[in-house]
Amino acid sequence: MKIAVIGAGIIGITTAYELACDGHEVTVLDRCAAAAEEASFANAGLVAPGYVTPWAAPGMPGKVLGHLLSHYAPVKIGLPLSARDLVWIWKWWRACKLETYLAHRAQLQRLAFYSRERLHHITSDLALEYERSDGYLVLLRSERDSNLAQPGLQALRDAGVSFKEINPAEAQKIEPALNPDTAFFGAIHLPDDEVGNCRQFALLLKNKAQRMGVEFRFNTTVTRVAGGALVDIAGENVPRQFDAVVVCAGLASARLLAPLGLPIALTAVHGYSVSASIREPLNAPRSAVMDERYKVAISRLGNRVRVAGSAEIGGSLNKMRASSLQTLYKVLQDWFPGAANLSGGVQEWKGARPMLPNGPPLIGASGVAGVWLNLGHGSSGWALSCGSARGLADLLGNKTPDLDLAGFGIERK
Ligand SMILES: Cc1cc2nc3c(=O)[nH]c(=O)nc-3n(C[C@H](O)[C@H](O)[C@H](O)COP(=O)(O)OP(=O)(O)OC[C@H]3O[C@@H](n4cnc5c(N)ncnc54)[C@H](O)[C@@H]3O)c2cc1C
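Bear in mind that the values here come from a model prediction, so they are computed numbers and not experimental data.

Novice: Please explain the packing of helix α4 (residues 98-125) against helix α10 (residues 381-396) as it appears in this structure.
Specialist: Think of two packed helices as two axes; the pair is described by the angle between the axes and how far apart they sit. Two elements in contact, α4 and α10, have axes whose closest approach is 7 Å; the angle formed by their N-to-C orientations is 85°. The orientation of α4 with respect to α10, classified from their angle, is roughly perpendicular. Residues Leu108, Leu111, Ala112, Tyr114, Ser115, Arg118, Leu119 and Ile122 of α4 form the contact with α10, whose own contacting residues are Trp382, Ala383, Leu384, Ser385, Cys386, Gly387, Ser388 and Arg390. Here the residues of the contact of α4 with α10 sort into 10 nonpolar, 4 polar and 2 charged.

See below:
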């Protein structure tokens, strides 16, 4: 089949690759000048399937409200909120019910475990060499933080995730550069989880896909998608005809799909990252750690340290919030002072997680002839990408996916 993939973020690239593996003739269209320039550009890089959970969780609304006035809050509301944000918040609030949450969490985690398997398969099959390290350490500052983590640990046990609750001395053995002056209660160690550079992986996979015949058209904005797999491109007078079009346009997908009568409640949950070269390797993390209280990840990516976190509903992508960046620097300073060279060449980034109100992404047919979806991966698009892409390619090719994707269709929304 002749297939257009809209979007060359991590979701579009992995989708194009899997479709090419199945023998389709694939064209990727992206408005940016290169791949992975938007949400997939500088994320935290965590691939920790047991921690892939819906944002709509019992107690979350209270947590969001409780953080409103705190300077170093992990969750913020960017004002003014649009009418679309308010509709999204209403749907999200309704999905916070325990039963709904548990069903969505199980669904997401199944996809996340499958996706990690696919990631490893692609990485070894194509001998991709990108910045990555093994192991994930969740740091618990106080006994209260440890108590709050307990329901999550039960979920890890239920999911068969290998982890260990450890004391500070044991944590220090795993991450010897942890600041001895920052007292903490304990940690959770997940040896099978990992951190990887999502953008590098996307660029490498793009090159492989290109060699397999996938055509990439950058600086190409899709202005309209119509039933029957018609695609309008800015600057072209005649729509292009494909046999199928897969919308992987991240946050912008909602605007493309609304005219087709598909009202997708996607909103931006903004986050930040700071990346800096390592000043002294002995003072830097070996892999990824998460400060559970501030929800900030500190990762080793080759010769750089990346600190990422914050969740801001609403607001604008162009306006950096000083307090969110300060939280990242504070957490880095607390755990790994002296690790990064902060005096110059620091990359400060703000990205928009394409978030659906209830959690699981949309993967499959849209209900409109020839239009397919792979979107709404929220805070875990990198961790879910390879599995989502394989599943989409199977559905599109009329094969039974290895993973049951029945719950990821548009009809449940
Ligand atoms: C601070 C932060 C930390 C994160 N940490 C993690 C993490 O640790 N682990 C994890 O798994 N995930 C993480 N994420 C989430 C992850 O980055 C996203 O879920 C993922 O990048 C989404 O990928 P995507 O391909 O759907 O979107 P994008 O990467 O945004 O790609 C969409 C593409 O579509 C293109 N496009 C849009 N509209 C059009 C149009 N009309 N015409 C042509 N092209 C168009 C855009 O140019 C873009 O390239 C994090 C996100 C943030 C912000």
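This is not the end of the story, as more comes after the structure.
Novice: Is there a simple way to think about unusual backbone geometry in this case?
Specialist: Backbone geometry follows two general trends: most residues other than glycine have a negative phi, and most peptide bonds adopt the trans configuration. At asparagine 219, a residue that is not glycine, the phi angle is positive and equals roughly 50°. In this fold, asparagine 219 is placed in the loop between β8 (215-217) and β9 (222-226). With phi around 60°, alanine 229 is a residue other than glycine that occupies positive phi space. In this fold, alanine 229 is placed in the loop between β9 and β10 (230-233).

Novice: How should I be thinking about the packing of aromatic side chains in this particular structure?
Specialist: Applying the stated criterion across every chain yields a total of 10 aromatic pairs. Ring plane angle 80° and centroid distance 6.2 Å describe the contact between tyrosine 130 and tryptophan 382, whose orientation is recorded as edge-to-face. Of this pair, tyrosine 130 sits in the loop between α4 and β5 (132-140) while tryptophan 382 sits in helix α10, placing them 252 residues apart in sequence. When the centroid spacing of 6.0 Å and the interplanar angle of 10° are considered together, the rings of phenylalanine 216 and phenylalanine 218 count as stacked. Judged by relative accessible area, which is 11%, phenylalanine 216 ranks as buried. Through a chain of ring-to-ring contacts, the aromatic side chains of Trp55, Trp88 and Trp92 assemble into a single cluster. Here the guanidinium or amino end of lysine 2 rests over the ring plane of phenylalanine 242, the centre of that ring lying 5.5 Å away.

Novice: I tried to follow the sheet that holds strand β11 (residues 240-241) on my own but got confused; where do I start?
Specialist: What holds strands together in a sheet is hydrogen bonding between their backbones, with the strands either parallel or antiparallel. Across the sheet, which stays open at both edges, the 3 strands sit in the order β9-β10-β11 with antiparallel pairing between neighbours. With one partner strand each, in any of the chains shown, β9 and β11 form the two edges of the open sheet. In terms of strand pairing, β9 meets β10 through 4 bridges, oriented antiparallel. Looking at β10, one finds that alanine 226 is bridged to leucine 230.

Novice: Looking at this structure, I do not really get the sheet that holds β8. What am I missing?
Specialist: Strand order in the open sheet made by the 6 strands is β8-β2-β1-β12-β19-β18, with mixed pairing throughout. In this open sheet, the two edge strands, each paired with only one partner strand, are β8 and β18 (362-365). Between one strand and the next, the sheet's axes are offset by a mean angle of 20°, whatever the strand orientation. With 4 bridges connecting them, β18 and strand β19 (residues 371-375) associate as antiparallel partners. Opposite glycine 364, over in β19, you have leucine 373 as the bridge partner.

Novice: Please clarify how the packing of helix α1 (residues 10-21) against α10 should be interpreted in this entry.
Specialist: Two elements in contact, α1 and α10, have axes whose closest approach is 8 Å; the angle formed by their N-to-C orientations is 35°. α10 is crossed by α1, and the crossing has right-handed handedness. Of α10, the residues touching α1 (which contributes Ile10, Ile11, Thr14, Thr15, Glu18 and Leu19) are Gly381, Trp382, Ser385, Cys386, Ala389, Arg390, Leu392, Ala393 and Leu396. For the contact of α1 with α10, a count of residues per class yields 9 nonpolar, 4 polar and 2 charged.

Novice: Explain the site of the ligand to me, please; I cannot follow it from the model alone.
Specialist: Taken together, 37 residues form the shell around the ligand, and within it Asp30, Ser40, Leu46, Gly378 and Ala383 come nearest. A distance of 2.9 Å is found between a nitrogen atom of the ligand and a backbone nitrogen or oxygen belonging to valine 222. Take serine 380: an N or O atom from its main chain is 3.3 Å from an oxygen atom of the ligand. When the free accessible area of the ligand is taken as 1,000 Å², the share hidden by the protein chains comes to 97%. Of all the secondary structure elements, the ones that give two or more residues to the shell around the ligand are α1, β13 (267-277), β17 (347-355) and α10. No other element matches the 4 residues that β17 contributes to the shell around the ligand. Considered class by class, the residues forming the shell around the ligand number 18 nonpolar, 15 polar and 4 charged.

How each quantity is defined
- Residues numbered from 1 in each chain as written.
- Predicted model: local features only at pLDDT ≥ 70, side-chain atom pairs only at ≥ 80, totals over all residues.
- Heavy atoms only, no water.
- Axes fitted to C-alpha atoms, helices over the stretch in contact; angles between N-to-C directions.
- Helix = DSSP H or I, 4+ residues; strand = E, 2+ residues; numbered from the N terminus.
- Parallel < 35°, antiparallel > 145°, perpendicular 65-115°, else oblique.
- Contact = heavy atoms within 4.5 Å.
- Nonpolar A, V, L, I, M, F, W, Y, C, P; charged D, E, K, R; others polar.
- Phe/Tyr/Trp six-rings, centres within 6.5 Å; stacked < 30°, edge-to-face > 60°.
- Buried < 20%, exposed > 50% of the residue type's maximum accessible area, 1.4 Å probe, protein only.
- Lys NZ or Arg CZ within 6 Å of the ring centre and 35° of its normal.
- Pairing = 2+ DSSP bridges.
- Left-handed = near helix turned anticlockwise from the far one by under 90°.
- Near = heavy atom within 4 Å.
- Polar contact = N/O pair within 3.5 Å; in protein donor to acceptor, adjacent residues only side chain to side chain.
- Areas by Shrake-Rupley, 256 points an atom, 1.4 Å probe, with all protein chains shown as cover.

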